[in-house]
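A look at the structure
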Amino acid sequence: MILQTALLAVVVGVSSGAFNGRMVGSNNVINKLQVDISEEEGAMYVALEGPSDMWFGLGFNATGMAGTYAVIVDGSGEVTERVLGDDSPGRSLDTAMFEMVHQQVMGGVRTVLLKRDLVGISSDYLTFSANNGTPFSLPVIVAVGTTPSLNYHGPNNRAGVTLDFSPATHVSTTPATTLVDFTLTAHTAVTAADMIELHMVGPQPFTIAFGTAGYQIVVKDDTAVEMFGSQVLESSIKVTNVAHNNISVIMTITRAMQGITEQHYSFSFGEVNVPYTVSAEGKAESGSAMLSTVRAVSGSVGGLPTSVSVVVDEGEDLVTIVMSGKIEDDDYLAVGFNASRMSDKPWTLIIVPDGNGSKIFEAHTFGTVGHGVTAAGHTPGIKITDVTWGNGVKTVTVTRPVRTNDARSFDFGAGQLEMSVISATGPYVDGKVEFHGNNNIDGDLFLYPQGVYHGVIEHQYANGNITVSIDIDDVKDIVSIVMTGPSDKWFGAGFGSNEMNATYSILASHQVTENILNGPASSNTGPGPNMPSSLTIVNDAVSNGMRTVHVTRPVMYGPEHFIFRPTIFPKGMTTGMEVISAVGDKMDFGYHSTSRAGEGIVLSTDTPTPTPNPTPNPIPTPPPAPKPTPAGAFNGRM
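Notes on the structure in this doc start here. (Residues numbered from 1 in each chain as written. Predicted model: local features only at pLDDT ≥ 70, side-chain atom pairs only at ≥ 80, totals over all residues. Heavy atoms only, no water.)

1. Details of the packing of aromatic side chains
All chains considered together, the criterion is met by 10 aromatic pairs. Both rings, one in Phe-60 and one in Phe-128, keep their centres 5.2 Å apart while their planes meet at 75°; by these two values the pair is edge-to-face. Taken as a pair, Phe-60 in strand β4 (residues 56-60) and Phe-128 in the loop between β9 (109-117) and β10 (136-144) lie far apart in primary sequence, 68 residues in all. Residues Phe-60 and Phe-128 agree in their burial class; the two are buried. An angle of 55° between the planes, with centres 5.9 Å apart, marks the rings of Tyr-69 and Tyr-125 as tilted. Of this pair, Tyr-69 sits in strand β5 (residues 69-73) while Tyr-125 sits in the loop between β9 and β10; the two residues are 56 residues apart in sequence, bridging distant segments of the chain. The class for Tyr-69 is buried, based on a relative accessible area of 2%. One aromatic cluster in this structure is built from Phe-60, Tyr-69, Phe-98, Tyr-125 and Phe-128. (Phe/Tyr/Trp six-rings, centres within 6.5 Å; stacked < 30°, edge-to-face > 60°. Helix = DSSP H or I, 4+ residues; strand = E, 2+ residues; numbered from the N terminus. Buried < 20%, exposed > 50% of the residue type's maximum accessible area, 1.4 Å probe, protein only.)

Structure representation (C-alpha cells):
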C-alpha cells in the first residue's frame, strides 16, 4: 500500500522540542507508522496501523530480525514486546514497557497508539533519545502476518524502512470570543501536520463549529461529541483533560488533522483562516481562527542600490522589514510588496528624511507615469524601530502587524512563501518623492523557516583543492565561512552566482578581502576593487601545506554586499545558494586558467561541520575596516 504521510487515524500531542519520525518511501506492509520522541516528557509514542484481523509489528534500530527489540500487535489488539530471533519469533519479554493509549478499529483497519519511557529498563528494551536536538534517521523493520497470532509473515509481508526525525513545532491561535475561550493548536513537523489540539474554557453546554458545512463539537456534561447538523458522528476525538472552575469546564481534546469521514471537518496544512462559530447561552459568535503550519518565515532580495529583508512571525503577529540603501541624507527608501512593477499599485513602504531622523509614509504606488506618490494607506502599529548609518549606507528597520483590517494595506499572512518585491531610492524634495532613475530593483522574495543553515562544497583542481563551508544563523544574524585551499596560491569563492561578473567574493591572497568580481562580460576581467570590509577574521592559519581562512560577518551588511540567505534551489525543491570557486598558480591574484568551478550548494539544517582548527601558523592580515552596527537581528532578506 502506498504510504500516506498526511493521515493518522489517532494522534497524540507532544511537548515543545519534541521530534517526529515517520516512515519514508513506499511499501506494501504497514499502512502507517509514526514515532514521536519527547525528551521533556521522557517518553516516546508509536502510532501503528495494520489489518484488524492479523498480527503486525515493528522492530527498532535494525535492518534484520536477529536480536531486534520489537513490539507486536496481534489480531485481537493485544500488545507484546519481544527480542526477535534469527528468522524466528525469539523470546517474549516479561515486563511490558509500552502502554496502550488508544486503539481504534474501522473498516478492517486497526490503529494503535502506544507510549513508553525513553529509557529502557534493561538492554533488551533499548533506550531512545532525541539526539541532542539534531535531526537523525532510525532504521526499523516492519512485518504483517497471515494469521491473528504471531507466526511466519511470509516471503513478501516484511520490509526495512527508515524513520527520519525532525523537530516538531506547535502553532497556536486564540480567537477573541466572549462566549467560550478556546485555543486551536496544530502540532506539526517538517514534512506533515499531525494533529489538532483544542483547549476550551466555557459554561456547559456549548458548541464550536468549524467550517460552514455543519461539523461541530458539542461539550455537555464533561463530554465532547462530534455532530454534523443533528447527526451524531463517529468519534475521532480524544478527551485528554477535564477540569472545572467556578463557572466553566476546562477541557482539552485532540484529533487528527484529516477528518475520518466526509462529514468530519479536515484541517489542511496550509490553512490560515479556519471558519468557526461558537454557541453558548443562546448566543453565537463567528469568526476565523488564524492558523499557519509555518510559524516564522523569512526571505530577502537585494543588490545595488537597495536590499530588503522580511521576517513574518505568525505566532507573535509581527512583520520585521529591514531596508538598506546607499543613499544621500535627503534621499528616500521605498519598497513595494507583491508586485513586479509600479503600475501594479502595490502597498508601498517609503522611508523619508525628517529633520535628523526618518519617518514612514505608506502609499499604494509610487508612480505609473509621473512616479509620484498617490493614495496613502494606513497600517495600525507600524513604526520605525532602528536607523543606522555607515559607509554611506542607511539601514532602517520597520515593524508592523502581520494583518490589518485596512484594505489599503498588505496582508503578510495567508501562508505566503513567495512574493514579488520592488524597491527604489531617489531624491525627496519639498515633501515629494521624485523619480528614482536607475536606482531600483525587483526580484522574488522567498520565505522559508528560520533556523541555522549549513552547506559545504569541495572543488578539486590540478593546482590545488578548495573547500568552502557556510553556516548561516539568521536568528543571531551571523554567517560563518571557512575556506581551505593551498597555502602558496591565492584562492577564493564567489556567492550567489554561477559566473564572475558582478559577483560578491571573498579572496584569500596576501590578505583576505571582499571584492565585486569583474567577469567576461566586463571590459576588465579580474577581482575588481576591494570593498569596505564586513568580515571579522576568526582564524587564518597554515597546516600541512593547506591554508584555512575562517571569517564571520552579518547576514546583511549593505546593498553592495551579498546577503547570505538561502534561496529556493532548485526553485520549489530545496534551499541552497550558487557558489563559484577558483585557485590561482601563485599568491599574487591572477588568471586562474581552468581551476575554477561553479555549482549550487544545498543548505540544510543538518549539524554544521566543526570548524577546522589547524596547527596555528598565522598569516598576518590587517584589521577589518570599521563597519556599521547591524540593524537588529533581521532574519530574512530579498
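2. Some points on the pairing of strand β39 (residues 504-508)
In terms of burial, β39 is largely enclosed, as 5 of its 5 residues are buried. Residues of β39 alternate between two faces, with Tyr-504, Ile-506 and Ala-508 on one and Ser-505 and Leu-507 on the opposite face, all of them buried. For strand β38 (residues 491-495) and β39, the ladder comprises 5 bridges, and the chain directions are antiparallel. Bridge pairing in β39 places Phe-495 opposite Tyr-504. Of the strand pairs in this sheet, β39 and strand β40 (residues 512-516) are connected by 5 bridges, and their pairing is antiparallel. (Pairing = 2+ DSSP bridges.)

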